[in-house]
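# Examining the three-dimensional arrangement
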There are 2 protein chains.
Amino acid sequence: MRAEKEIFGKYLSRHNLRDTPQRELILDTFLKREEHISAEDLYDIVKKRDPSIGQATVYRMLKLLAEAGLARELDFGDCIKRYEHNYNHPHHDHLICRKCEKTVEVVEPQIEDLQKRVAEKYGFKLTDHSLYLYGYCANCRKRGN
Amino acid sequence: MRAEKEIFGKYLSRHNLRDTPQRELILDTFLKREEHISAEDLYDIVKKRDPSIGQATVYRMLKLLAEAGLARELDFGDCIKRYEHNYNHPHHDHLICRKCEKTVEVVEPQIEDLQKRVAEKYGFKLTDHSLYLYGYCANCRKRGN
DNA sequence: TTGCTTGCAAAGGATTTGCAACATG
DNA sequence: CATGTTGCAAATCCTTTGCAAGCAA
């Protein structure tokens, strides 16, 4: 967390932006989360520590964190932006349970390789991709799904 | 197109739904398109043939087409629902140019296999997935991207 | 005739933005 | 003290929905 805060601090000064208690609180809360989180959910948590905070501030901050390279935006296909840690948290894909919404991060170098090769086959230079695997997790299947 | 219209007709009667000129016009327009299309864009086209049509009708119709198995919903990560043909048009992934938005449909059985295996490794039973590959197409790269 | 459909406009949900008051460097 | 930042509410974007009038079966 120290490293992330330092990075963010540098990002702020480099861009002539200011360090505010709101930004510190939001960053702190975001960093403590292990799982990805939506702006709305983060707002709910942050509000408990500072009821006067506005949700626009949270939205703005998450965008800022993404720009600073500390957060990465996810898209589970429901039009809700979720953010996960990006620092020291290499690329991975997501496995998502259709029933309980449990998510698992998966890394599969072979899939990445294949994607690159497929793209090249069509003359594309790959920059990034988004892969979400949907299904039913072990738990939910046991209970008859 | 004949087959699709027949399927849709059957779907309507089986569900006690009605055949209307609006539905016919929208289906016809959708079927003539080769590429995926958003509700809004489809509405713009349809409106030229019948200016009195409402966009809600187009939205409702696209949902109906998806239910009837004639259309498939895409999600390019921008919160806009796009629909492509589903009949006689097997599953594939999309390669999308970040510059000119050109899209290419790609099929790679190996990727599908791998996904299934990865899911199983984590105890998941895969139902579906969403894979979008983003990059720069041959054309855009030539011009210096 | 019954009840599905339509077009309209209003509502919806997530996110963004304009603005005046405020606070940081 | 210049300028970035905040909270609020209004605006935005795409999509859905309530409703009264219209139309298919």
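The preceding data block contains the structure.
Just so it is clear, the structure is predicted and the values come from calculations on it, not from any experiment.

Turning our eyes to something else, we now look at the packing of aromatic side chains. Residue and element names in this part refer to chain A. The final tally for this structure, using the stated rule, is two aromatic pairs over all chains. For the ring pair phenylalanine 76 and tyrosine 132, a centre distance of 5.5 Å and an interplane angle of 65 degrees mean the geometry is edge-to-face. Taken together, the positions of phenylalanine 76 in the loop between strand 2 (71–75) and strand 3 (81–85) and tyrosine 132 in strand 6 (residues 125–136) put the pair 56 residues apart, joining distant regions of the chain. The class of tyrosine 132 is buried, set by a relative accessible area of 6%. The ring of tyrosine 134 has arginine 98 lying over it, and the distance from NZ or CZ to the ring centre is 4.0 Å.

Around DNA strand D sit 21 residues, and of these Arg18, Arg23, Thr57 and Arg60 of chain A together with Lys81 of chain B come closest. Within the side chain of arginine 60 of chain A, a nitrogen or oxygen atom sits 2.8 Å from a base nitrogen of DNA strand D. The separation between a phosphate oxygen of DNA strand D and a polar side-chain atom of tyrosine 59 of chain B is 2.9 Å. Those elements that provide at least two residues to the surface near DNA strand D are helix 2 (21–32) and helix 4 (55–67) of chain A together with helix 4 (55–67) of chain B. With four residues, helix 4 of chain B is the single largest residue contributor to the surface near DNA strand D. Grouping the amino acids of the surface near DNA strand D by side-chain chemistry returns seven nonpolar, six polar and eight charged.

The next subject is the sheet that holds strand 3 of chain A. Residues and elements named next belong to chain A. Ordered in space as 1-3-2, the three strands form an open sheet in which the pairing is antiparallel. Of all strands in the sheet, those bounded by a partner on one side alone are strand 1 (37–38) and strand 2. In the sheet, strand 2 pairs with strand 3 via five bridges, with the strands oriented antiparallel. Bridge pairing links leucine 74 to arginine 82 in strand 3. Most of the contacts of helix 2 go to strand 3, to which it runs at about 75 degrees, and overall it touches strand 1, strand 2 and strand 3.

We now examine the interface of chain A and chain B. Taken together, the 37 residues of chain A in the interface contact 37 residues of chain B. Taking both sides of the interface into account, the surface hidden between chain A and chain B amounts to around 3,200 Å²; carbon and sulfur atoms contribute 66%. Seen at the junction of chain A and chain B, the total is four salt bridges. The partner of lysine 121 of chain B in a salt bridge is glutamate 108 of chain A, with the nearest N and O atoms 3.3 Å apart. Joining chain A to chain B, the criterion identifies 16 residue pairs in polar contact (both at pLDDT 80 or more). When contributions to the side of chain A that touches chain B are tallied by element, the ones reaching two or more residues are strand 4 (93–97), strand 5 (103–106), helix 5 (109–121), strand 6 and helix 6 (138–142) of chain A. At twelve residues, the largest contribution of residues to the side of chain A that touches chain B is made by strand 6 of chain A.

The rules behind each value
Residues numbered from 1 in each chain as written. Chains lettered and ligands numbered in written order. Predicted model: local features only at pLDDT ≥ 70, side-chain atom pairs only at ≥ 80, totals over all residues. Heavy atoms only, no water. Phe/Tyr/Trp six-rings, centres within 6.5 Å; stacked < 30°, edge-to-face > 60°. Helix = DSSP H or I, 4+ residues; strand = E, 2+ residues; numbered from the N terminus. Buried < 20%, exposed > 50% of the residue type's maximum accessible area, 1.4 Å probe, protein only. Lys NZ or Arg CZ within 6 Å of the ring centre and 35° of its normal. Near = heavy atom within 4 Å. Polar contact = N/O pair within 3.5 Å; in protein donor to acceptor, adjacent residues only side chain to side chain. Nonpolar A, V, L, I, M, F, W, Y, C, P; charged D, E, K, R; others polar. Pairing = 2+ DSSP bridges. Contact = heavy atoms within 4.5 Å. Axes fitted to C-alpha atoms, helices over the stretch in contact; angles between N-to-C directions. Buried area = accessible area lost by both parts, 1.4 Å probe. Salt bridge = Lys/Arg side-chain N within 4 Å of Asp/Glu carboxyl O.

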